[in-house]
Amino acid sequence: MFKRSFRSTDRVDKVVKLKKSYRDPAKLSKLQKSFDQSPPVGSTLTSPVVTFTVGKEGRLFAAHEDVLSLSPFFAAACRGQFLEAESKRIDLPDEEPEIFSCVLEYLYKGDYYPRLIHNKRKGSWELEDAVSSPNPENPGGRGSVEATIYISSVGEHLLRDTVIYCAGEKYGLEELKRLALRKQGLQSGIEVSTILRSARYAYDNTPDTDSRLRAHYLALIIRCRKTFKRSGTMQTEMESGGKLFFDLFVALCNHVDDIVEMG
């Protein structure tokens, strides 16, 4: 899983406090209405519609079977025991509606809000709100979209793209995982406690063979080690233990070995 060094290409440069995210039902409703406006290329969307009941509050979503079939998980669910044959309804009580909304948007459009945009002039990738409404205090941020989201199963705010990456893992969407990781790499100004909570979530919701999201967090902690070293949250988390910190120990040893070899 681990390479000898962690020369990450992500751009999280500093670790400072970030305002907590919030839910905006109006925006989510607008997002859901947009699904049918941009059908997948080559698809006529004439397949049956499946209804999802998502989360503890039972929020309703709808999607076409031919779009859902892009995910091995949903393709199997549409054929299996999760689907109520007569109503074509699938219940997902443990899912987060906001995250599920992003997954559906990705299945229909190949991206989720805010979209990833390539700035040809700068030769770099940016998020669409950061392009249209640049924030000089946080040039790598999301603009009007918060980087974090409240996850009810955890009872805390986590990095939104980490949760989406883990959803991509669950639903068998490798391209969604790559997209989420690239978007997270554009974030900056995230506080230590949020990073550590998100890293734990990543470890809890990815297999041990994951070599991208887990390595991303290890590389970030190593690169910003002075900030993490001063953090009381880091000390508390390390005392609690877990595989994350053994992997971090191995990564740090490899990092030191590389420095010694270069010297």
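Residues numbered from 1 in each chain as written. Predicted model: local features only at pLDDT ≥ 70, side-chain atom pairs only at ≥ 80, totals over all residues. Heavy atoms only, no water.

As named in an unreviewed UniProt entry, the protein chain is BTB domain-containing protein, taken from Hyaloscypha bicolor E.

1. Some details on the environment of Ile-117
Going by this rule: The way it works is that DSSP assigns letters per residue, a run of H or I at least four long becomes a helix, a run of E at least two long becomes a strand, and they are numbered from the N terminus. Residue contacts are counted whenever heavy atoms from the two residues lie within 4.5 Å of one another.
Secondary-structure assignment places Ile-117 in strand E5 (residues 116–119). Each C-alpha atom of the pair Ile-117 and Glu-128 lies 6.0 Å from the other, and the pair is 11 residues apart in sequence. Ignoring anything within four residues of it in the chain, the contact list for Ile-117 reads Ser-124, Trp-125, Glu-126 and Glu-128.

2. Overview of the pairing of strand E6 (residues 124–127)
As a reminder, the rule being used: When DSSP finds two or more bridges between two strands, those strands count as paired.
Strand direction decides the pairing type here: E5 and E6, joined by four bridges, are antiparallel. Paired with His-118 across the bridge in E6 is Trp-125.

3. Here we look at helix H12 (residues 243–262)
Defined as follows: Take the number of residues in a helix, subtract one, and multiply by 1.5 Å to get its expected span. Under the scheme applied here, a residue whose accessible area is under 20% of the maximum for its type counts as buried, over 50% as exposed, and between as partly exposed, the area being computed with a 1.4 Å probe on protein chains only.
For H12, with 20 residues, the first-to-last C-alpha span of 29 Å sits near the 28 Å given by 1.5 Å per residue. Within the span of H12, buried status applies to Leu-244, Phe-245, Asp-247, Leu-248, Ala-251, Asn-254, His-255 and Asp-258. Considering only its buried residues, H12 is in contact with helix H8 (192–204), helix H9 (213–223), helix H10 (225–229) and helix H11 (232–240).

4. Things to note about helix H4 (residues 97–109)
For H4, with 13 residues, the first-to-last C-alpha span of 18 Å sits near the 18 Å given by 1.5 Å per residue. Counting buried residues along H4, 12 of its 13 residues qualify, which places the element largely inside the surrounding structure. Residues of H4 that are buried: Pro-97, Glu-98, Ile-99, Phe-100, Ser-101, Cys-102, Val-103, Leu-104, Glu-105, Tyr-106, Leu-107 and Tyr-108. One or two positions beyond H4, positive phi appears at Gly-110, with a value near 80 degrees.

5. So, the side chain of Glu-126
Under the convention used in this document: Any N or O atom pair separated by 3.5 Å or less is treated as a polar contact, with the protein-specific requirement of one donor-capable and one acceptor-capable atom, and with residues adjacent in sequence counted only for side-chain atom pairs.
Following the sequence through the fold, Glu-126 ends up in strand E6. Given the relative accessible area of 15%, Glu-126 is considered buried. A polar contact of 3.2 Å, which involves the side chain of Glu-126, links it to the side chain of Asn-119.

6. Focus: the packing of helix H6 (residues 160–171) against helix H7 (residues 174–184)
Note the following rule: Axis lines are fitted to C-alpha atoms, over the contacting stretch for helices. Their N-to-C directions set the angle, which ranges from 0 to 180 degrees. Should an angle lie under 35 degrees it is considered roughly parallel, over 145 roughly antiparallel, and from 65 to 115 roughly perpendicular; all remaining angles are considered oblique. Should the near helix be turned anticlockwise from the far one by less than a right angle, the crossing is termed left-handed; should it be turned clockwise, right-handed. All amino acids are sorted into three groups, where Ala, Val, Leu, Ile, Met, Phe, Trp, Tyr, Cys and Pro are nonpolar, Asp, Glu, Lys and Arg are charged, and the leftover types, Gly among them, are polar.
Where H6 meets H7, the closest approach of the two axes is 8 Å, and the angle between their N-to-C directions is 170 degrees. Comparing the axis directions of H6 and H7 gives the class roughly antiparallel. Note on packing geometry: the crossing formed by H6 with H7 is left-handed. Two secondary-structure elements touch here, H6 through Asp-161, Thr-162, Ile-164, Tyr-165, Gly-168 and Glu-169 and H7 through Leu-176, Lys-177, Ala-180, Leu-181, Lys-183 and Gln-184. In the contact of H6 with H7, the residues fall into five nonpolar, three polar and four charged.

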